[in-house]
Amino acid sequence: YYIINEIITGNYYRIFSAVKKEGNSFEDKKYSVKYYNKNWIKEELLKKFKMQESQILKYFEFIKSSLDDFKKIYHPNISSLHDYYEDDDAIYIIT
C-alpha cells in the first residue's frame with residue numbers, strides 16, 4: 001500500500017489514505033490504513049488497567065483473532081476489512 005496522506009491522529013492510532021500498488025501501477029480504489037502503535041496501547045493497558053505482560057500478550061492475540069473473524073464478514077453497511085499486518089511496533093488495519 002502507498003500512503004497518500006494522513007487523515008487523523010488519535011491517542012493510540014493514526015489513519016492514512018492509501019492506494020494499493022499492483023506491480024508498477026496503482027489501483028484506482030482508495031483504502032484507509034489504520035496504524036495502531038502497540039507500545040502506546042501497551043503503556044495504556046499497564047497504566048489504566050494494571051494489566052500484566054502476559055495479559056497484554058493475550059489481548060493482542062485476541063485482537064488478531066477478532067480481525068481474522070472480521071475479514072470474513074460482508075455487509076453493505078459495514079466497512080470491509082481487506083487485510084491487516086503486524087510488525088514489532090504496530091498493527092496496520094486496511095479497510
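Everything below is about the structure printed above this text.
Residues numbered from 1 in each chain as written. Predicted model: local features only at pLDDT ≥ 70, side-chain atom pairs only at ≥ 80, totals over all residues. Heavy atoms only, no water.

Asks: Go over the overall build of the chain, please, and point to the residues and values.
Replies: Looking only at helices and strands, the chain has 2 helices and 5 strands in total. The secondary structure elements of the chain, listed N-terminal to C-terminal, are β-β-β-α-α-β-β. Along the first, second and third principal axes, the C-alpha atoms of the chain reach 45 × 25 × 25 Å. Looking at the chain as a whole, 28% of its 95 residues qualify as buried. For the chain, restricting intrachain contacts to residue pairs at least 6 apart in sequence, the fraction spanning at least 24 positions comes to 35%. (Helix = DSSP H or I, 4+ residues; strand = E, 2+ residues; numbered from the N terminus. Buried < 20%, exposed > 50% of the residue type's maximum accessible area, 1.4 Å probe, protein only. Contact = heavy atoms within 4.5 Å.)

Asks: So what about a nonpolar patch on the surface? Which residues, and what values?
Replies: A contiguous nonpolar surface patch, about 300 Å² in accessible area, is contributed by Y2, I4 and F26. On the secondary structure map, F26 appears in strand β3 (residues 25-37). (Patch = residues over 30% accessible without salt bridge, like charges linked within 9 Å, V, L, I, M, F, W, Y side chains within 5 Å. Areas by Shrake-Rupley, 256 points an atom, 1.4 Å probe, with all protein chains shown as cover. Salt bridge = Lys/Arg side-chain N within 4 Å of Asp/Glu carboxyl O.)

Asks: Explain helix α2 (residues 53-70) to me, and be specific about the residues and the numbers.
Replies: Taking 1.5 Å of rise per residue, the 18 residues of α2 would be expected to cover 26 Å, and the 26 Å separating its terminal C-alpha atoms lies within 8% of that figure. Looking at the buried positions of α2, the neighbouring elements they touch are α1 (38-49), β4 (83-86) and β5 (90-94). (Expected span 1.5 Å × (residues − 1).)

Asks: Go over the side chain of K64, please, and point to the residues and values.
Replies: Residue placement: K64 occurs in helix α2. Discounting chain neighbours no more than four positions away, the residues touching K64 are Y84 and E86.

Asks: How would you explain the environment of Y85 if you had to name every residue and give the values?
Replies: As for its placement among the helices and strands, Y85 is situated in strand β4. For the pair Y85 and F60, spaced 25 residues apart in sequence, the C-alpha to C-alpha distance is 13 Å. Beyond its immediate chain neighbours, meaning those up to four positions away, Y85 contacts Y1, A90, I91, Y92 and I94. At 3.2 Å, the side chain of Y85 forms a polar contact with the side chain of D83. (Polar contact = N/O pair within 3.5 Å; in protein donor to acceptor, adjacent residues only side chain to side chain.)

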